[in-house]
Amino acid sequence: MQGTIATFDPDTRSGTLLLDDGSELAFGSDAFDRSGLRLLRLGQRVTVEPDSSGTVRRVLIPGIA
């Protein structure tokens with residue numbers, strides 16, 4: 001799944017993204033911590049890896065493994 005960062009709080013390391021279908025999806029600090037990233041900016045394009053329940057498991061920047 002891909003979308004753009006709608007909100008991101010660097011203190012809690014959590015936020016929401018706007019998926020390509022227009023829906024919002026929240027992600028917690030665990031998903032951000034698994035990404036290996038240090039910061040996300042509003043409007044940044046990301047790919048998310050959901051787990052089997054649909055919860056965001058990891059947030060990634062497209063094209064960067």
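A quick note: this is a predicted structure, and the numbers were derived from the prediction, not measured.

Draft legend 1. Here's a closer look at the sheet that holds strand E4 (residues 45–50). With respect to topology, five strands assemble into an open sheet ordered E3-E2-E1-E4-E5, the strand pairing being antiparallel. The outermost strands of the open sheet, each flanked by one partner alone, are strand E3 (24–27) and strand E5 (56–60). With strand direction ignored, the average angle separating the axes of adjacent strands in the sheet is 40 degrees. One ladder, built from three bridges, connects strand E1 (residues 2–9) with E4; its direction is antiparallel. Within E4, the position partnered with Gly3 by the bridge is Val46.

Draft legend 2. Highlighting the environment of Thr55. Within the fold, Thr55 resides in the loop between E4 and E5. Counting along the chain gives 46 residues from Thr55 to Asp9, while the straight-line C-alpha distance between them is 18 Å. A polar side-chain atom of Thr55 sits 3.2 Å from a polar atom in the side chain of Ser53.

Criteria and cut-off values
Residue indices follow the written sequence of each chain, beginning from 1 at its first position. Selection of residues for local features in this predicted model requires a pLDDT of at least 70, selection of side-chain atom pairs for listing and counting requires 80 or more, and totals for whole chains, interfaces and linings are taken over all residues. Just so you know, side-chain values use all the structure's heavy atoms and leave hydrogens and water out. Whether two strands pair depends on DSSP finding at least two bridges between them. Only runs of H or I of at least four residues qualify as helices and only runs of E of at least two qualify as strands under DSSP, and these elements are numbered from the N terminus. Axis definition: a line fitted to C-alpha atoms, limited for helices to the stretch in contact. Angles are taken between N-to-C directions and run from 0 to 180 degrees. Side-chain atoms alone can form a polar contact between residues adjacent in sequence; in general such a contact is a pair of N or O atoms within 3.5 Å, and within protein one must be able to donate a hydrogen while the other accepts it.

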